Amino acid sequence: MSDTPFRIVGISGSLRRGSTNTGLLRAAQEVAPPGVSIEIADISRLPLYNEDDNIDGGPEPVRAFKNHLRTADALLLATPEYNYSVTGVLKNAIDWVSRPVADSPLRYMPIALMGAGGQFGTVRAQLNWRQIFVFTESYVMGKPELMVLRNELYFDAQGNLTDQALRERVKLIVESLVAWAHRVKSA
Ligand SMILES: Cc1cc2nc3c(=O)[nH]c(=O)nc-3n(C[C@H](O)[C@H](O)[C@H](O)COP(=O)(O)O)c2cc1C
């Protein structure tokens with residue numbers, strides 16, 4: 001590992017206080033290897049996307065979010081599944097930073113997906129994200145995958161991950177993302 005820290009920005013698709021997806025990101029912070037930092041971005045202050053306002057970098061919270069992503073070596077998304085798809089809040093955040101296309105921090109950005117949900121463990125939401133990131137020319141890691149089925153078994157009421165085996169799988173995602181980003185960069 002080099003002296004320069006490897007910076008991952010984590011984004012949760014749920015604004016809920018007890019969110020299990022935000023809990024996955026907190027767990028990722030805890031298990032990140034030395035030399036790897038994970039900062040969780042706050043998307044709760046982003047306005048709804050309006051093309052009329054997307055001039056000169058957009059409103060202040062959008063500019064701050066965009067600049068935060070520009071500091072990242074990779075993104076780690078924790079996505080719930082809403083109505084068989086991605087959540088509106090996270091799609092809104094990604095829409096903001098996807099334009100203008102030529103200047104988007106998503107372009108050539110290594111991204112890993114994970115998600116905690118119910119019976120199908122966010123599988124449909126994650127597939128939808130893979131499709132969305134084709135347009136943004138982001139490099140989504142293929143495997144390993146992390147889809148947490150029946151999240152109530154693995155998190156407490158505050159959304160803290162309480163299961164050691166799952167914590168190890170989160171660790172594998174973080175380590176694999178770092179390796180993936182290095183591979184993508186050297187290609
Ligand atoms: C509007 C809405 C739609 C949902 N749709 C789905 C769904 O299609 N599939 C699913 O597995 N869970 C669905 N859920 C349940 C969420 O996946 C579950 O609440 C999950 O814990 C949310 O993640 P969080 O703990 O990070 O907030 C839905 C929840 C909401 C509020």
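Everything discussed here concerns the structure shown above.
All values reported here derive from a predicted model rather than from experimental measurement.

Asks: Could you clarify how one ought to interpret the overall build of the protein in this entry?
Replies: The helix and strand inventory of the protein stands at five helices and six strands. When its helices and strands are written in sequence order, the protein yields β-α-β-α-β-α-β-α-β-β-α. Taken over the C-alpha trace, the protein has a radius of gyration of 16 Å; the compact-globule value for 187 residues is 16 Å, and the two agree within 12%. In terms of principal-axis extent, the alpha carbons of the protein reach across some 45 × 40 × 25 Å. Burial statistics for the protein: of 187 residues in total, 48% are counted as buried. Contacts in the protein between residues at least 24 apart in sequence constitute 79% of all its contacts with a sequence separation of at least 6.

Asks: Explain the packing of helix H1 (residues 20-31) against helix H5 (residues 164-186) to me, please; I cannot follow it from the model alone.
Replies: The N-to-C vectors of H1 and H5 enclose an angle of 75°; their axes lie 9 Å apart at closest approach. The angle between the axes of H1 and H5 places the two elements in the roughly perpendicular class. Residues Leu-24, Ala-27, Ala-28, Glu-30 and Val-31 of H1 touch H5, and the partners they reach there are Arg-167, Val-170, Lys-171 and Val-174. Among the residues forming the contact of H1 with H5, the class breakdown is six nonpolar, no polar and three charged.

Asks: Which parts of the structure should I look at to understand the environment of Leu-25?
Replies: Here Leu-25 shows up in helix H1. Using a relative accessible area of 0% as the deciding quantity, one classes Leu-25 as buried. With 13 residues separating them in the primary sequence, Leu-25 and Ser-12 have C-alpha atoms 7.4 Å apart. If we ignore the near neighbours within four places in the chain, the residues touching Leu-25 are Gly-10, Ile-11, Ser-12, Ile-40, Leu-76, Ala-78 and Met-114.

Asks: Before we go on, may I ask you to explain the side chain of Thr-87 in this structure?
Replies: Mapped onto the elements of the fold, Thr-87 is located in the loop between strand S3 (74-78) and helix H3 (88-98). Looking at Thr-87, its side chain comes within polar contact range of the main-chain oxygen of Gly-13, at 2.8 Å. Excluding anything up to four places from it in sequence, Thr-87 contacts Gly-13, Pro-80 and Tyr-82.

Asks: Help me understand the pairing of S3, please; the structure alone is not making it clear to me.
Replies: In the case of a regular strand, side chains alternate between the two sheet surfaces. For S3, the buried fraction is high: five of the five residues fall into the buried class. Side chains of S3 alternate between two faces, with Ala-74, Leu-76 and Ala-78 and Leu-75 and Leu-77 buried alike. Where S3 meets strand S4 (residues 110-116), four bridges bridge the pair, whose relative direction is parallel. Bridge assignment links Leu-76 to a residue of S4, and that residue is Ala-112. As for the winding sense of the linkage, the β-α-β connection from S3 through H3 to S4 is right-handed.

Asks: Is there a simple way to explain the site of the ligand in this structure?
Replies: Every residue near the ligand is listed here: Ser-14, Arg-16, Ser-19, Thr-20, Asn-21, Pro-80, Glu-81, Tyr-82, Asn-83, Tyr-84, Gly-118 and Asn-151. Glu-81 is positioned with one of its side-chain polar atoms (N or O) 2.9 Å from a nitrogen atom of the ligand. One of the backbone N or O atoms of Tyr-84 is found 2.7 Å from an oxygen atom in the ligand. The protein chains hide 68% of the 620 Å² of surface that the ligand would expose on its own. Among the residues making up the shell around the ligand, the classes are represented as three nonpolar, seven polar and two charged.

Asks: Explain the side chain of Ser-176 to me, please; I cannot follow it from the model alone.
Replies: Here Ser-176 lies in helix H5. Those residues within four positions of Ser-176 in sequence are excluded, and the remaining contacts are Met-141 and Pro-144.

Asks: Even after reading the chapter, I still don't get the nonpolar core, so can you show me in this structure?
Replies: The nonpolar side chains of a soluble globular protein tend to be buried, and buried together. Grouped together as the largest cluster of nonpolar side chains are 28 residues, with contacts concentrated most on Ile-8, Leu-24, Leu-76, Met-114, Val-170 and Val-174. Per-element tally for this core: the top contributor is H5, with seven residues. With near-sequence residues (within four places) excluded, Met-114 lies in contact with Asn-21, Leu-24, Leu-25, Ala-28, Leu-76, Leu-77, Ala-78, Thr-79, Gln-126, Leu-146 and Ile-173. Ranked by size, the runner-up nonpolar core spans 24 residues in total, among them Ile-43, Leu-69, Ile-94 and Met-109.

What counts and what doesn't
- Residues numbered from 1 in each chain as written.
- Predicted model: local features only at pLDDT ≥ 70, side-chain atom pairs only at ≥ 80, totals over all residues.
- Heavy atoms only, no water.
- Helix = DSSP H or I, 4+ residues; strand = E, 2+ residues; numbered from the N terminus.
- Rg over C-alpha atoms; globule rule 2.2 N^0.38 Å.
- Buried < 20%, exposed > 50% of the residue type's maximum accessible area, 1.4 Å probe, protein only.
- Contact = heavy atoms within 4.5 Å.
- Axes fitted to C-alpha atoms, helices over the stretch in contact; angles between N-to-C directions.
- Parallel < 35°, antiparallel > 145°, perpendicular 65-115°, else oblique.
- Nonpolar A, V, L, I, M, F, W, Y, C, P; charged D, E, K, R; others polar.
- Polar contact = N/O pair within 3.5 Å; in protein donor to acceptor, adjacent residues only side chain to side chain.
- Pairing = 2+ DSSP bridges.
- Right-handed = clockwise from strand over helix to strand, strands pointing away.
- Near = heavy atom within 4 Å.
- Areas by Shrake-Rupley, 256 points an atom, 1.4 Å probe, with all protein chains shown as cover.
- Core = buried A, V, L, I, M, F, W, Y, C linked by side-chain atoms within 4.5 Å.

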